[in-house]
Amino acid sequence: MSLVDGQYNGVPLSWLFPEEKQGWTGYVEWEKSPDKKRVANGILKSQKFSPIPEFQDGPLPKTNPILIGHRWKEYHAALGLKSIVEFSWKTVLKEKHDMLHVLDFPYNGETLPKYILGDGKITQNKHFFVRNHGGIPDIDPECFELEIGGLVKTPVRIPLKDLKDPSKFPQISITATLQCSGTRRREQIDEYPGDGDELINAPWGEGAIGTAVWRGVPLKKVLKIACGGVLPECQHLEFVGADTYFKKYEVYNYAVSVPWRKVRQSEEVLLAWEMNGEPLPKIHGAPLRVVVAGYIGARSCKWVCRINALAEPSFGPVQRQEYLYYNQQIGKHNVLISNGFSIQAMPVSSAILSPKTKDVVIHDGSIELKGWAYSGNGNWVERVEVSPDGGHVWYPVAQEDMTQKHYYAWRLWKIEVPVDAEGWLEFCVRTWDSSNNTEPTYVRSAWNWDLHVTSSAHRIKIYSVNRSKPRTAMRLKQLEDMGESLEPISKPLEFTLEKFEDYEAASQKYPREPRD
Ligand SMILES: Nc1nc2c(c(=O)[nH]1)N[C@H]1C(S)=C(S)[C@@H](COP(=O)(O)O)O[C@H]1N2
Ligand SMILES: [Mo]
């Protein structure tokens with residue numbers, strides 16, 4: 001076997017792995033083509049690839065993009081799919097130029113600066129986080145059709161224009177938060193390094209979450225109207241995306257599933273083509289994506305082109321081998337697929353968006369904090385509490401300082417916390433949801449090998465300077481008179497701290513050593 005210049009045993013790769021359909025650029029069908037898969041896997045196994053970026057052992061590079069996905073670019077190139085890599089980055093520059101690019105390919109990007117998330121209940125499309133496991137397909141909506149098969153009464157193919165025809169399917173809009181189960185993973189990494197997956201377990205901060213108004217048709221209506229319902233054996237609905245995914249030298253289409261129970265009991269498993277009143281951006285799954293409200297982001301399959309009704313969860317590696325929640329003592333030495341449970345609904349969690357860690361906050365006895373709070377599975381946020389002392393005293397956020405309740409969306413909040421103390425302080429936030437669930441107090445309490453769902457109270461360390469204290473006010477004035485700033489606090493003061501006479505008088509009154 002030989003692989004030279006876009007050829008494999010003398011056959012051009014473009015013949016081996018052609019684009020499937022007219023108008024569907026960047027889509028290769030793997031799941032229905034076992035022979036093609038076998039050839040691709042053979043090619044992948046015969047080659048060497050660059051290592052996966054390692055980032056857990058030290059501070060993250062200050063570059064943007066932070067990490068470069070050489071290996072995944074090479075995977076695509078090895079199968080003659082380099083154009084997908086190029087199109088993906090072009091799309092990033094067009095749709096997401098202002099983001100913090102956590103990984104350039106497959107593209108993972110987070111809102112920058114993160115306090116933008118607190119600007120309004122709805123996250124603007126250009127600021128909404130992105131997590132991809134592969135490239136971005138480029139599908140002409142005119143040519144798009146959705147295939148539904150498996151354990152349904154009547155398998156169908158529905159052109160997009162029929163799906164969007166309100167006389168055929170009833171449309172709804174829902175306000176729903178999408179949260180990656182890796183949100184705030186950096187805190188877990190800072191505590192202890194964990195699993196390094198091939199598609200990196202991205203070092204997300206507080207910005208791998210966003211809220212949008214999604215418009216489309218409920219999946220349960222489509223199954224009923226178009227397919228005449230599901231068969232009694234159907235327990236799960238599998239969603240297959242048009243993107244290409246690699247794992248351990250094998251190739252797949254992105255595939256995940258959710259229980260039929262979840263689909264049946266709510267309207268909030270949606271086939272969506274609109275995001276915040278605009279056509280779904282390419283990077284968010286155009287022309288059609290699934291939105292599984294209340295579940296981890298991973299289940300909301302983008303570029304969904306096929307839905308299969310199954311008797312058991314999808315065999316896709318993303319469903320079976322990833323997004324698993326392990327006990328704290330399980331690690332590289334004894335991890336199995338079977339000893340982690342599958343993460344589906346998101347638990348309650350929250351974050352402080354401002355101020356941020358290491359900020360020097362000059363105030364007059366109280367500090368304003370802002371952030372988000374969210375709970376999955378249809379639980380809504382009831383109460384947000386902020387502690388100025390690391391988790392002993394908790395102040396509740398007033399109702400009028402939180403955005404409106406939704407079954408499936410976050411609440412943004414703000415609070416003015418009385419702060420007398422100065423110097424380094426640790427603030428944290430925790431949230432109570434409508435089922436009375438709350439967050440563990442420390443990262444360590446919920447640390448897990450795959451570094452998922454960092455649901456512990458979010459903490460920030462800030463440097464408090466309370467101007468309402470006379471001595472502090474005096475020092476600030478001294479600095480101002482000299483045209484100097486307090487920051488950086490590590491920069492030495494240029495003047496003598498105290499007049500010699502004052503120091504003398506103080507040591508007369510309170511001698512430094514005992515007299516007898
Ligand atoms: N087809 C496909 N769907 C996908 C993914 C993907 O890589 N491919 N990533 C999933 C993950 S892990 C998350 S968190 C969400 C992110 O959605 P967004 O990029 O639109 O914010 O999409 C999910 N759907
Ligand atoms: Mo995710």
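Here is a short report on the structure shown in this document. (Residues numbered from 1 in each chain as written. Chains lettered and ligands numbered in written order. Predicted model: local features only at pLDDT ≥ 70, side-chain atom pairs only at ≥ 80, totals over all residues. Heavy atoms only, no water.)

To continue, consider the overall build of the protein. Helix and strand counts for the protein stand at eleven helices and 28 strands. Expressed along its principal axes, the backbone C-alpha trace of the protein runs to roughly 95 × 50 × 45 Å. In the protein, which comprises 516 residues, the share counted as buried stands at 53%. A separation threshold of at least 6 residues defines the contact pool for the protein, and within that pool the share at least 24 residues apart is 71%. When the accessible area of the protein is evaluated, it comes to approximately 23,600 Å², of which 52% is carbon and sulfur surface. Distance from the positive charge centre (63 side chains) to the negative charge centre (65 side chains) of the protein: 4 Å. (Helix = DSSP H or I, 4+ residues; strand = E, 2+ residues; numbered from the N terminus. Buried < 20%, exposed > 50% of the residue type's maximum accessible area, 1.4 Å probe, protein only. Contact = heavy atoms within 4.5 Å. Areas by Shrake-Rupley, 256 points an atom, 1.4 Å probe, with all protein chains shown as cover. Lys, Arg positive; Asp, Glu negative; His and termini not counted. Charge placed at Lys NZ, Arg CZ, Asp CG, Glu CD.)

What follows deals with the environment of Pro 53. Looking at where Pro 53 falls in the secondary structure, it is placed in the loop between helix H2 (34-45) and helix H3 (70-78). Excluding residues that lie within four positions of it along the chain, Pro 53 makes contacts with Leu 67, Ile 68 and Ile 200.

Moving on, we come to the site of ligand 1. Around ligand 1, 19 residues are found, and the nearest of them are Phe 129, His 133, His 284, Arg 289 and Lys 302. For ligand 1, a nitrogen atom lies 2.9 Å from a polar atom in the backbone of Ser 300. Surface burial for ligand 1 is 100%, taken as the share of its 540 Å² of free accessible area covered by protein chains. Here ligand 1 occupies the largest cavity. Residues belonging to the shell around ligand 1 are distributed by class as follows: ten nonpolar, five polar and four charged. (Near = heavy atom within 4 Å. Polar contact = N/O pair within 3.5 Å; in protein donor to acceptor, adjacent residues only side chain to side chain. 1 Å grid on protein atoms, 1.4 Å probe; cavity = no way out; pocket = protein on both sides within 12 Å on 5 of 7 lines; lining within 4 Å. Sits in = over half its atoms within 2 Å of the grid points. Nonpolar A, V, L, I, M, F, W, Y, C, P; charged D, E, K, R; others polar.)

The next thing to look at is H2. Taking 1.5 Å as the rise per residue, H2 with twelve residues should run 16 Å; its terminal C-alpha atoms sit 16 Å apart, in good agreement. The set of residues buried in H2 consists of Lys 36, Lys 37, Ala 40, Asn 41, Ile 43 and Leu 44. Along the axis of H2, the buried positions cluster into a sector of 160°, meaning they face one direction only. Every exposed residue of H2 that faces more than 90 degrees away from the buried side is listed here: Asp 35 and Arg 38. (Expected span 1.5 Å × (residues − 1). Arc of directions from axis to C-beta.)

Running from N to C, H3 and helix H4 (residues 82-95) cross one another at 135°; their axes reach a closest spacing of 7 Å. Judged by the angle between their axes, H3 and H4 are oblique. Across the interface between the two elements, Lys 73, His 76 and Ala 77 of H3 pack against Lys 82, Ile 84 and Val 85 of H4. Considered class by class, the residues forming the contact of H3 with H4 number three nonpolar, one polar and two charged. (Axes fitted to C-alpha atoms, helices over the stretch in contact; angles between N-to-C directions. Parallel < 35°, antiparallel > 145°, perpendicular 65-115°, else oblique.)

Next up on the list: the sheet that holds strand S26 (residues 411-418). Taken in spatial order, the three strands make up an open sheet running S21-S23-S26, and their pairing is antiparallel. Either end of the sheet is taken by a strand with one partner, and the two such strands are strand S21 (349-354) and S26. The mean inter-strand angle of the sheet, taken between neighbouring strand axes irrespective of direction, is 30°. Across five bridges, the pairing between S21 and strand S23 (residues 366-374) is antiparallel. (Pairing = 2+ DSSP bridges.)

Time to look at the pattern of salt bridges. In this structure the tally under the stated criterion is 27 salt bridges. Arg 467 is paired through a salt bridge with Asp 364; the nearest N and O atoms lie 3.0 Å apart. Of this pair, Arg 467 sits in the loop between strand S28 (458-466) and helix H10 (470-481) while Asp 364 is found in the loop between strand S22 (360-363) and S23, placing the two residues 103 residues apart along the sequence. Taking the shortest distance from any N to any O, the salt bridge between Glu 426 and Arg 459 comes out at 2.6 Å. Here Glu 426 is found in strand S27 (residues 423-433), whereas its partner Arg 459 is found in strand S28, with 33 residues between them in sequence. When its relative accessible area of 18% is taken as the criterion, Arg 459 is described as buried. (Salt bridge = Lys/Arg side-chain N within 4 Å of Asp/Glu carboxyl O.)

We now examine the layout of surface pockets. When its volume is computed, the largest pocket comes out at roughly 1,400 Å³. As for the largest pocket, its lining consists of 38 residues, of which Lys 114, Arg 186, Asp 190, Glu 206 and Thr 357 are closest to the centre. Breaking the lining of the largest pocket down by element, the ones donating at least two residues are helix H6 (185-191), S21 and S28. Looking at the lining of the largest pocket element by element, the count peaks at five residues for H6. A class-by-class count of the residues in the lining of the largest pocket yields 15 nonpolar, eight polar and 15 charged. Counting contributing residues per domain, the lining of the largest pocket is built from domain 1 (17-342) and domain 2 (347-516), each supplying no fewer than three. Of all the secondary structure elements, the ones that give two or more residues to the lining of the second largest pocket are S28 and H10. (Points joined across faces, edges and corners; volume = space filled by probe spheres on them. Domains from an automatic or database assignment.)

Right, let's talk about H4 for a bit. What sets the pattern is the α-helix's 3.6 residues per turn: residues three or four places apart point alike. With 14 residues, H4 should cover 20 Å at 1.5 Å per step; its first-to-last C-alpha distance of 20 Å lies within 8% of that length. Where H4 is buried, its residues contact H3, strand S5 (100-103) and strand S8 (138-139).

This paragraph deals with empty space enclosed by the protein. In total, this model carries four cavities of 30 Å³ or more according to the counting rule given. The space that makes up the largest cavity amounts to roughly 230 Å³. If you trace the largest cavity, you find 18 residues lining it, with Arg 131, Arg 289, Gly 297, Ser 300 and Lys 302 closest to the centre. Partitioning the lining of the largest cavity into residue classes produces ten nonpolar, four polar and four charged.

Throughout the structure, instances matching the rule amount to 19 aromatic pairs. Pairing Phe 129 with Trp 204 gives two aromatic rings, centres 6.0 Å apart and planes at 85°, and the pair type is edge-to-face. Remark: Trp 204 occurs in the loop between H6 and strand S12 (209-218) and Phe 129 occurs in the loop between strand S6 (108-110) and strand S7 (130-131); sequence separation between them is 75 residues. As far as burial versus exposure is concerned, Phe 129 and Trp 204 are alike and both buried. (Phe/Tyr/Trp six-rings, centres within 6.5 Å; stacked < 30°, edge-to-face > 60°.)

This part covers the side chain of Ser 350. By the element assignment, Ser 350 lies in strand S21. Taking relative accessible area as the criterion, Ser 350 reaches 0% and is therefore assigned buried. Of the polar contacts made by the side chain of Ser 350, one reaches the side chain of Thr 431; its length is 3.0 Å. Apart from residues no more than four positions distant in its own chain, Ser 350 is found in contact with Arg 184, Trp 372, Ala 373, Val 429, Arg 430, Thr 431, Glu 439 and His 458.

Quick look at the side chain of Thr 431 now. Within the element layout of this structure, Thr 431 appears in strand S27. Non-local contacts of Thr 431, meaning those with residues more than four positions away in its chain, are made with Val 348, Ser 349, Ser 350, Ala 373, Val 381, Arg 383, Val 384, Asn 437, Thr 438 and Glu 439.

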